[in-house]
Amino acid sequence: MSARGRVGRRAALALAAAFTFGAYAAEPQQPARVVRIGLLGPPSPQRPDPVEQAFMQALGELGWVEGKTVVVERRFESSADRLAAMAAELARMKLDLIIAAGQPAREAARKATSTIPILTLSGSDPVREGWAQSLARPGGNVTGLTFSLPELGPKRLELLKEAAPTVSRVVVLVDPLEVVDSPAVIRETREGAARLAMQVQVVELHGAEGLDAALAAVRSHRPQALFPIAMYPHRTRVAAFALRDKLLTVGESVEEGQAGYLLTYGIDTEDLVRRGVAKIDKILRGERAGDIPIERPAKFRLIVNQKTARAIGVTVPPSLLARADEVIA
């Protein structure tokens, strides 16, 4: 298959029509009622957001069709105070489900309601943070998927070093509000960098309004490469900044690769959507959120953006291209 063909298979994450849902999609049962769902999270630089599109398309495959059997209340905000107000507003609507994207949205939803089921997608440790009794049986009103994977930091640096063996100065740009276990993530990343003879500087982002200042701080360190963590809402601006400064970039998601990062290695979003939608379907059909296990990612994908490589003057080794799940040509 050509590189273009591999790209087409997952372009823009909007290939929800190609998703397969096993037994759920084989014989979808038509819902007997109209349900109301709240979407709560940070704003996306791309509207409509491709992940949101994929979720809604997948729900439609199971009979939960927006405008017919589903009413969706969307609330997107970066400010913690505004998220809290929006979560309280959603809670007053007596919804059937709230989908909370990211740690701030999840915490806002948890504080707003203990009765409405919440499905969360966030990078955190549910048991350590106290919002689940266990992964297998969370209890309470929250379930979902958690992406607490500090060990992936060193793996991403290894891929970066393979793409550009001379790289030695890396800045990690992290949003600690989105990565509750950021100390563990930074520690693992620093240890991995030391093994690769790389120097790591850390720049923290505090709120979306601080992005310009954070990027200026990145530039002040004069790095060769940038490793953004939990920067999904800012991926377009971060990619454009890195391209202007001719920085190598290594990220976490398919969408970041499509935005222009050189390399991304992270969760297979198609698998995430499939498993997340299965949980939503269970909740809407009457299962308690607290009885539905919280899952960790099981599949990962490597994306190489050759357009970015050409723009910054990097030749990606054939061995790395051969292992890529997608090559953006």
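None of the values given here were measured: they were computed from a predicted structure.

(A) How the structure looks around the packing of helix H4 (residues 80–92) against helix H5 (residues 103–112). With their axes 8 Å apart at the nearest point, H4 and H5 run at an angle of 45° to one another. Regarding the angle of H4 to H5, the classification is oblique. Crossing of H4 against H5: the hand is right-handed. Contacts from Leu83, Ala84, Ala87, Ala88 and Ala91 in H4 reach Pro104, Ala105, Ala108, Ala109 and Ala112 in H5. Taken together, the residues that form the contact of H4 with H5 break down as ten nonpolar, no polar and no charged.

(B) Quick look at the nonpolar core. Residues Leu160, Ile229, Leu248, Leu263 and Val316 are the most contacted members of the largest nonpolar core, which totals 36 residues. At five residues, helix H7 (residues 152–163) tops the list of elements feeding residues into this core. The residues contacting Leu263, other than those within four sequence positions of it, are Leu159, Leu160, Ala163, Thr249, Val250, Gly251, Ile303, Val304 and Leu320. In this structure, Val35, Phe55, Leu121 and Leu145 belong to the second largest nonpolar core, which totals 27 residues.

(C) Here's a closer look at the side chain of Thr113. Relative to the assigned elements, Thr113 resides in the loop between H5 and strand S4 (118–122). Within the structure, the side chain of Thr113 is placed 3.0 Å from the backbone nitrogen of Ile116, a separation counted as a polar contact. Here Thr113 is in contact with Ala91, Ile98, Ile118 and Asn141, once residues within four sequence places are set aside.

(D) Here's a closer look at the layout of surface pockets. The volume enclosed by the largest pocket comes to roughly 280 Å³. What lines the largest pocket is a set of 18 residues, and nearest its centre among them are Ser78, Asp175, Glu178, Gly207 and Ala208. When contributions to the lining of the largest pocket are tallied by element, the ones reaching two or more residues are H4 and H5. Classifying every residue of the lining of the largest pocket gives ten nonpolar, four polar and four charged.

Conventions and cut-offs
Residues numbered from 1 in each chain as written. Predicted model: local features only at pLDDT ≥ 70, side-chain atom pairs only at ≥ 80, totals over all residues. Heavy atoms only, no water. Axes fitted to C-alpha atoms, helices over the stretch in contact; angles between N-to-C directions. Helix = DSSP H or I, 4+ residues; strand = E, 2+ residues; numbered from the N terminus. Parallel < 35°, antiparallel > 145°, perpendicular 65-115°, else oblique. Left-handed = near helix turned anticlockwise from the far one by under 90°. Contact = heavy atoms within 4.5 Å. Nonpolar A, V, L, I, M, F, W, Y, C, P; charged D, E, K, R; others polar. Core = buried A, V, L, I, M, F, W, Y, C linked by side-chain atoms within 4.5 Å. Buried < 20%, exposed > 50% of the residue type's maximum accessible area, 1.4 Å probe, protein only. Polar contact = N/O pair within 3.5 Å; in protein donor to acceptor, adjacent residues only side chain to side chain. 1 Å grid on protein atoms, 1.4 Å probe; cavity = no way out; pocket = protein on both sides within 12 Å on 5 of 7 lines; lining within 4 Å. Points joined across faces, edges and corners; volume = space filled by probe spheres on them.

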